[in-house]
Amino acid sequence: MKRFAAVLICLGVFWAQTSALNTFVLRDPVSNYVTGTMTIHNEEHIVDVHVRSGVYSSDTIFDYRHGYIATRLFSRNACFIMKIKKEFMPELNEIGHLAFERETMKDVYSPNNVWAQFQPGSSRLGDVRDWVLYGKHIENLCTGLPLYELVATEPLTNVDGCANAGIPSILGLKICEELIATGS
C-alpha cells in the first residue's frame, strides 16, 4: 500500500509539472525592478506577457496553436498582430528555457529582437473571421481596439516612432510606423 501511495505521489508531481502554468517574473536588467510577468500555458500553446513600465506598458499573446502574436500597446490604444515566423521567433519550449536562464543568471543578454512595421491609417476593427483565424486569446486581448497588421523588417536606423514590446530581456519586439516617402 505504501508503494502504491508513493507511485501515486510521484505521478502527481510529474503530471503537475508538465501541465501546470509556468510563470516568470521579468526584471529590468539594470535596476532589477519587476517590470512584468510571463506565463507559459503549455497545454494551450500560449505565452501571456504583461509588461508594466510606464509608456512602454503592453500585453502580448504568443499563440503558437494559431500561429500569431498580438501586442496591445497601452500608449497607442491599439492591437498589433503578426504571423509567427520560425526564423524570428523561438519555439514555445525555448521561451521557457530563456526565461528560466534569465531568472537564474542575472547577466544573460538576449540579442533576440524582432523588428516589425505597420502602416498608420490602415487599422480596422476585428470581426468574426479575424477571431476564428487568430483564436480566442487574441480576441480577448484585442476586441474593441483598432487592429494593425505587422510585417517583419530589418532593423531600422531611425527608431523615433518605434515602440517596445515583447518579453523584456528575452525577446524584444520593436514596432515601428512605416514611413511613406512623399514626392516633395
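The rules we used
Residues numbered from 1 in each chain as written. Predicted model: local features only at pLDDT ≥ 70, side-chain atom pairs only at ≥ 80, totals over all residues. Heavy atoms only, no water. Helix = DSSP H or I, 4+ residues; strand = E, 2+ residues; numbered from the N terminus. Buried < 20%, exposed > 50% of the residue type's maximum accessible area, 1.4 Å probe, protein only. Areas by Shrake-Rupley, 256 points an atom, 1.4 Å probe, with all protein chains shown as cover. Salt bridge = Lys/Arg side-chain N within 4 Å of Asp/Glu carboxyl O.

1. Examining the overall build of the protein
Across its full length, the protein holds four helices and 12 strands. Looking at the protein residue by residue over its 184 residues, the buried ones come to 38%. Surface accessibility of the protein: about 11,300 Å² in total, with carbon and sulfur atoms responsible for 57%.

2. Here's the deal with the pattern of salt bridges
Scanning all chains against the criterion turns up three salt bridges. Arg 76 is paired through a salt bridge with Glu 177; the nearest N and O atoms lie 3.8 Å apart. With a gap of 101 residues between them, Arg 76 in the loop between strand 5 (68–73) and strand 6 (78–83) and Glu 177 in strand 12 (residues 171–177) connect regions that are remote in the sequence. Relative accessible area serves as the criterion here: at 29%, Arg 76 is assigned to the partly exposed category.

3. Focus on unusual backbone geometry
Residues other than glycine seldom take positive phi values, yet His 45 does so here, at roughly 60 degrees. Within the secondary structure, His 45 sits in the loop between strand 2 (34–41) and strand 3 (46–51). Its identity is not glycine, yet Asn 77 carries a phi of approximately 50 degrees, on the positive side. Overall, the relative accessible area of 47% leaves Asn 77 in the partly exposed class.

All we've got here are geometric facts, nothing functional implied.
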